[in-house]
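In case you want the letters, here they are:
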Amino acid sequence: DTAVSQTPKYLVTQMGNDKSIKCEQNLGHDTMYWYKQDSKKFLKIMFSYNNKELIINETVPNRFSPKSPDKAHLNLHINSLELGDSAVYFCASSQGGEGARGEAFFGQGTRLTVV
Amino acid sequence: QQQVKQSPQSLIVQKGGISIINCAYENTAFDYFPWYQQFPGKGPALLIAIRPDVSEKKEGRFTISFNKSAKQFSLHIMDSQPGDSATYFCAASKGSNYKLTFGKGTLLTVNP
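Below or above, wherever it landed, is the structure these notes cover. (Residues numbered from 1 in each chain as written. Chains lettered and ligands numbered in written order. Predicted model: local features only at pLDDT ≥ 70, side-chain atom pairs only at ≥ 80, totals over all residues. Heavy atoms only, no water.)

**Quick word on the environment of S19(B)**
Residues and elements named next belong to chain B. As a reminder, the rule being used: Secondary structure elements follow DSSP: runs of H or I no shorter than four residues count as helices, runs of E no shorter than two count as strands, and numbering proceeds from the N terminus. Contacts: residue pairs with any heavy atoms within 4.5 Å of one another. Throughout this description, a polar contact denotes any pair of N or O atoms lying within 3.5 Å of each other; where both atoms belong to protein, one of them has to be capable of donating a hydrogen while the other can accept it, and for residues adjacent in sequence the pair is counted only when both atoms sit in side chains.
Looking at the element boundaries, S19 is found in strand 3 (residues 19–25). Along the chain, S19 and I48 lie 29 residues apart, while their C-alpha atoms are 15 Å from each other. Apart from the residues within four sequence positions on either side, S19 is in contact with L11, V13, L75, H76, I77, S80 and L108. Reaching out from S19, the side chain makes a polar contact with the side chain of S80 at a distance of 2.8 Å.

Structure (structure tokens):
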């Protein structure tokens, strides 16, 4: 059973299009994240949701909109895609609270290529 | 401002050797320091983690050394194996912030 699964694994699309990436976790965690990994492999947090509530929103263009319908799902919608959005996007989850911070479980990633 | 600095960027070690990756942080509020291992095409996976109340943590061939006064921590991989070849990331978080700040990663290659 995959703990954190995201779809699709690969996404190739044209500039200006709108696309979504879906993420689901079956670990019972209360916190979910989106991270972006650029071509140099640098990992940077984009968003974090705790119990469906947005708690972290780093400096991300508002073309990126996360949505958490429930604790187990966190989707990422991207409007008007640009070449610079090409990257690998990772969904992750963790159990918040004392003693559990930092132990994030990552999905396999979605490689987004904008042409 | 890069809050977690990692070095070296890449490292080549012979099988059986010791791999050492170093990280330095700036924010003294950080209180949790995990290391993640990432294989090509996969997501990062937690390898080992330490809190600042201890100076060393060992799990099998992997050891974290932590120097609070110097704001540095390092990962030592003993008896390195070709299967350890991966990218390693140090990270840090603080309190209930829920946010991991990552170093830039080290590509480790272990030659057979």
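**Topic: the pairing of strand 6 (residues 56–59) of chain B**
What counts is decided by this rule: Strand pairing requires that DSSP identify at least two bridges connecting the strands.
As paired elements, strand 6 of chain B and strand 7 (residues 62–67) of chain B share four bridges and run antiparallel to each other. Considered in strand 7 of chain B, the bridge of K58(B) is made with T63(B).

**Examining the nonpolar core**
Where we set the bar: Each nonpolar core is a collection of buried residues, namely Ala, Val, Leu, Ile, Met, Phe, Trp, Tyr and Cys, held together in the definition by side-chain atoms within 4.5 Å. Summary of the burial criterion: residues with accessible area below 20% of their type's maximum are buried, those above 50% are exposed, and those between are partly exposed, where the area comes from a 1.4 Å probe applied to protein chains only.
Core analysis: the largest hydrophobic core is formed by 24 residues, its most contacted members being F33(B), W35(B), F73(B), L75(B) and Y88(B). Of all the secondary structure elements, the ones that give two or more residues to this core are strand 2 (10–14), strand 3, strand 4 (33–38), strand 5 (45–50), strand 7, strand 8 (72–77), strand 9 (86–92) and strand 11 (106–111) of chain B. In terms of residue count, strand 9 of chain B provides more of this core than any other element does, four residues in total. Among all residues touching F73(B), those that are not within four sequence positions of it are I21(B), N22(B), C23(B), Y25(B), F33(B), W35(B), I64(B), S65(B), F66(B), C90(B) and A91(B). In this structure, W34(A), F47(A), L81(A) and A87(A) belong to the second largest nonpolar core, which totals 19 residues.

**Topic: the environment of L27(A)**
Residue and element names in this part refer to chain A. Among the structural elements, L27 can be located in the loop between strand 3 (19–25) and strand 4 (31–37). As a C-alpha pair, L27 and A3 span 24 residues in sequence and 6.0 Å in three-dimensional space. The residues touching L27, leaving out its near neighbours within four places in the chain, are A3, V4, S93 and F105.

**Considering the interface of chain B and chain A**
Quick note on the threshold: Summed over both partners, buried area is the accessible surface (1.4 Å probe) that two parts give up on being assembled. When a carboxyl oxygen of Asp or Glu lies within 4 Å of a side-chain nitrogen of Lys or Arg, that pair is called a salt bridge.
Each side of the interface is counted separately: chain B has 23 residues, and chain A has 27 residues. Counting the surface lost from both chain B and chain A, the interface buries some 2,000 Å², and carbon and sulfur atoms represent 55% of this. Taken together, the connections running from chain B to chain A amount to one salt bridge. We note a salt bridge from E58(A) to K99(B), for which the minimum N-O separation is 3.3 Å. At the boundary of chain B with chain A, the tally comes to four residue pairs in polar contact (both at pLDDT 80 or more).

**Things to note about the packing of aromatic side chains**
Residue and element names in this part refer to chain B. The line we're drawing: For Phe, Tyr and Trp, rings pair up if their centres lie within 6.5 Å, where Trp contributes its six-membered ring, and each pair is then called stacked (planes under 30 degrees apart), edge-to-face (over 60) or tilted (otherwise).
In the structure shown here, the tally under the stated rule is 17 aromatic pairs over all chains. Seen from their ring centres, Y25 and F33 are 4.8 Å apart, and the 45° between their planes marks the pair as tilted. Summarising the burial analysis for this pair, Y25 and F33 share the class buried. Between F33 and F66, the aromatic rings sit 4.8 Å apart at their centres with planes inclined by 45°, giving tilted as the arrangement. In this pair, F33 is assigned in strand 4 and F66 in strand 7, connecting sequence segments 33 residues apart. On the basis of relative accessible area, F33 is assigned to the buried category, the value being 0%.

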